[in-house]
Amino acid sequence: MCALKAIELKKVSFSYDGFSDRVLKDVDFSVEYGEVALLSGFSGEGKSTLLSIVSGIIPNIISGKITGEVLVDGKSIAGQKLSQTCRKTGVVLQNADSQIIHKTADDEIAFGCENFAIPSDRIGAQIDRVCTIMGIDKTARTRTMSGGQKQRLITASTLATGQKILILDEPLANLDIDGATELMLTLRALAGAGYAVLVVEHRLDMVLPFVDSVWNIRAGEVTKVENKREYLLSQSVTIADSSASREKDKVLFSLKNVAFSVKKKEILKDINFDIYAGERLLLLGENGCGKTTLLRLIARLYKPTKGSIEQTLDRKFGKRKKSKKWFKNVGIVYQNPSYQLFMPTVEQEIAFNAASKEYAEEMLKLFDLEHLRKRHPQSLSEGQKRRVSIAAVAAGDPKVLLLDEPTVGQDYKGLCELVKILDELHDKSGNTMIAITHDMRCAEALCDRAVLIADGVVKEQGGKELARKYFFDRTDNAEAK
């Protein structure tokens with residue numbers, strides 16, 4: 001007798017209403033209880049559609065024509081209400097902010113438990129249990145959590161409601177190597193306890209050591225991957241080098257004894273280093289170490305609690321925290337692209353702050369967004385939103401480009417293309433590019449020099465070799481675990 005499968009698709013095809021093309025084509029796919037399965041593939045190939053079907057979003061919220069059989073926990077979901085399917089499957093989206101409602105971690109976790117009618121006298125124990133599993137401070141304020149911490153919070157909220165089938169959409173996108181390893185080890189432990197775990201992820205180097213089965217989706221067709229190592233090698237990214245030379249003697253920013261605190265929480269203690277005109281600088285460090293805070297301090301979105309950031313970009317700016325002219329010269333791309341997209345079309349988004357109409361068109365072409373020019377930015381995939389947000393900031397032709405996780409949501413093909421675009425833009429404009437990334441696939445390609453932040457101070461500075469050492473050391477630790 002065959003073991004009960006958590007998820008099973010039998011010859012499933014699907015097309016959205018108003019479109020004749022099939023997004024999924026005769027798909028056979030399954031995930032068993034007790035395993036961690038990976039679904040991988042380029043953006044736009046059908047991953048999100050498959051997840052929407054399994055979670056009941058299709059056809060309950062999004063309509064279309066579906067054929068074949070979809071089984072969840074051994075039962076067909078045809079005719080089921082969304083609430084019925086959700087009782088079996090818990091979904092963790094890539095954008096954690098879109099799922100967080102409450103101000104504190106414990107209230108966020110309790111909210112889901114209350115919706116599932118878990119008795120109040122049990123909710124406290126559930127909160128303690130899942131916070132221990134996911135390494136979360138239950139008293140933490142959600143607004144001050146890093147992207148990786150928020151992602152772990154949403155995963156904890158899903159665990160607390162008791163679903164035995166977990167679906168995670170790019171859970172490693174905003175996690176450093178240690179955080180990614182911790183999460184994957186947790187998912188492995190959950191599978192060992194009888195859960196079924198389905199992960200959709202582009203960071204194959206981090207996820208493949210921890211999964212039991214690998215499925216690839218391409219043009220709506222799903223195949224099972226038999227050799228994980230060969231599959232990883234086939235998705236390798238080419239490391240690019242910049243042909244632009246920085247002005248080694250020109251200091252653009254000088255950070256002196258910079259500290260930053262929020263109430264009683266000390267985020268940065270004593271930061272000291274220089275940033276040179278025309279260089280590509282990479283900020284390294286674990287989740288929550290203050291990298292994003294440092295980027296925002298440089299951008300003058302925050303003011304240091306102590307110390308100073310001296311700049312030679314333009315003496316006319318003086319010590320003013322913000323000005324329109326300042327943000328014409330200093331462009332920042334946030335970790336969550338949805339925060340920056342507000343115009344009704346991609347075309348208008350990129351033109352809004354553009355140096356000229358002609359330069360806006362150049363950015364549309366450079367970032368391969370011409371075919372999306374009439375789309376609403378918020379209707380795009382996360383990877384497409386990321387490209388639009390970078391293109392919109394780059395269209396202003398800033399002298400300094402600050403990038404917080406610029407490659408989030410990119411598959412390997414998209415990653416190679418985006419890194420190439422950023423390097424072309426850097427070479428052409430001669431801008432100073434400061435980036436944060438947890439993605440070892442592209443870290444070396446985004447830097448001439450790296451600065452490692454730990455315990456609120458600069459722990460180490462170096463070239464590409466520092467980025468390589470930082471990621472390889474953590475990868476070796478991950479494999480050892």
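Whatever comes next refers back to the structure up there.
Predicted model, so just to flag it, every value in this text is computed and none were measured. (Residues numbered from 1 in each chain as written. Predicted model: local features only at pLDDT ≥ 70, side-chain atom pairs only at ≥ 80, totals over all residues. Heavy atoms only, no water.)

By size, the foremost hydrophobic cluster in this structure holds 91 residues, and its most contacted members are Leu284, Ile350, Phe367 and Leu369. For isoleucine 350, the contacting residues outside a window of four places in its chain are Ala360, Met363, Leu364, Leu369, Val388, Ala391, Ala392 and Ala395. Core analysis: the next-biggest nonpolar cluster, separate from the first, contains 30 residues, Leu268, Ile271, Ile275 and Leu281 among them. (Core = buried A, V, L, I, M, F, W, Y, C linked by side-chain atoms within 4.5 Å. Buried < 20%, exposed > 50% of the residue type's maximum accessible area, 1.4 Å probe, protein only. Contact = heavy atoms within 4.5 Å.)

A few words now on unusual backbone geometry. Cis geometry marks the peptide bond from isoleucine 58 to proline 59; its omega dihedral reads 10°. Relative to the elements of secondary structure, proline 59 occurs in helix H2 (residues 57-60). Unusually for a residue other than glycine, aspartate 368 sits at a positive phi of about 55°. With respect to the secondary-structure elements, aspartate 368 resides in the loop between helix H13 (357-366) and helix H14 (382-394). Aspartate 368 gets classed as partly exposed once you look at its relative accessible area, which sits at 47%. (Helix = DSSP H or I, 4+ residues; strand = E, 2+ residues; numbered from the N terminus.)

Let us now look at a positive patch on the surface. On the surface, a cluster of positive charge is contributed by Lys103, Arg141, Arg143 and Lys263. Turning to its location among the elements, arginine 143 is positioned in the loop between helix H5 (120-134) and helix H6 (147-160). Residue arginine 143 is classed as exposed on the basis of its relative accessible area, which comes to 70%. (Patch = residues over 30% accessible without salt bridge, like charges linked within 9 Å, V, L, I, M, F, W, Y side chains within 5 Å. Areas by Shrake-Rupley, 256 points an atom, 1.4 Å probe, with all protein chains shown as cover. Salt bridge = Lys/Arg side-chain N within 4 Å of Asp/Glu carboxyl O. Lys, Arg positive; Asp, Glu negative; His and termini not counted. Charge placed at Lys NZ, Arg CZ, Asp CG, Glu CD.)

As a further point, take the side chain of serine 254. Checked against the element boundaries, serine 254 lands in strand S11 (residues 251-262). Separated by 2.8 Å, the side chains of serine 254 and aspartate 274 make a polar contact. (Polar contact = N/O pair within 3.5 Å; in protein donor to acceptor, adjacent residues only side chain to side chain.)

What follows deals with helix H15 (residues 412-429). Under the 1.5 Å per step criterion, the end-to-end length of H15 is 26 Å for 18 residues, consistent within 8% with the ideal 26 Å. For H15, every residue scored as buried is listed here: Tyr412, Gly414, Leu415, Leu418, Val419, Ile421, Leu422, Asp423, Leu425 and His426. At the exit of H15 stands glycine 430, carrying a positive phi of roughly 70°. (Expected span 1.5 Å × (residues − 1).)

Moving on, we get to the pairing of strand S16 (residues 400-404). The element S16 is extensively covered by neighbouring structure, given that five of its five residues are classed as buried. Burial along S16 is two-sided: Val400, Leu402 and Asp404 facing one way and Leu401 and Leu403 facing the other are all buried. For strand S15 (residues 330-333) and S16, the ladder comprises four bridges, and the chain directions are parallel. Among the inter-strand pairings, valine 330 is bridged to a residue of S16, identified as valine 400. One ladder, built from five bridges, connects S16 with strand S17 (residues 432-436); its direction is parallel. Along S17, the bridge assignment pairs valine 400 with threonine 432. Once the chain exits S16 it traverses H15 before rejoining the sheet at S17, and the crossover so formed is right-handed. (Pairing = 2+ DSSP bridges. Right-handed = clockwise from strand over helix to strand, strands pointing away.)

Let's shift gears to the sheet that holds strand S4 (residues 64-72). Pairing is antiparallel in the open sheet, where four strands are placed in the order S2-S1-S4-S5. This sheet does not close on itself; its edge strands, each paired only once, are strand S2 (24-32) and strand S5 (75-76).

Our focus in this paragraph is the sheet that holds strand S9 (residues 213-218). Reading across the sheet, the six strands line up as S6-S7-S8-S3-S9-S10 and stay open at both edges, with mixed pairing between neighbours. Looking along the sheet, the strands with just one partner apiece sit at the ends: strand S6 (89-92) and strand S10 (221-225). Across the sheet, the mean angle separating the axes of adjacent strands is 20° when strand polarity is ignored. Strand direction decides the pairing type here: S6 and strand S7 (residues 165-169), joined by four bridges, are parallel. Opposite threonine 89, over in S7, you have isoleucine 165 as the bridge partner. Contacts from H6 reach S6 and S7, with the element oriented near 170° to S6. (Axes fitted to C-alpha atoms, helices over the stretch in contact; angles between N-to-C directions.)

What follows deals with the environment of alanine 392. Inspection of the secondary structure assignment puts alanine 392 in helix H14. In this structure, the C-alpha to C-alpha distance between alanine 392 and glutamine 340, residues 52 residues apart in sequence, is 9.1 Å. Beyond its immediate sequence surroundings of up to four residues, alanine 392 is in contact with Glu349 and Ile350.

The next subject is the packing of aromatic side chains. The tally for this structure, following the rule as stated, stands at four aromatic pairs. For the pair phenylalanine 342 and phenylalanine 352, a centre-to-centre distance of 5.0 Å together with 90° between the ring planes defines the contact as edge-to-face. Of the two residues, phenylalanine 342 sits in the loop between S15 and helix H12 (346-352) while phenylalanine 352 sits in helix H12, which places them 10 residues apart along the sequence. Each member of the pair, phenylalanine 342 as well as phenylalanine 352, is classed as exposed. Lysine 164 extends its terminal NZ or CZ atom over the ring of tyrosine 195, reaching a point 3.9 Å from the ring centre. (Phe/Tyr/Trp six-rings, centres within 6.5 Å; stacked < 30°, edge-to-face > 60°. Lys NZ or Arg CZ within 6 Å of the ring centre and 35° of its normal.)

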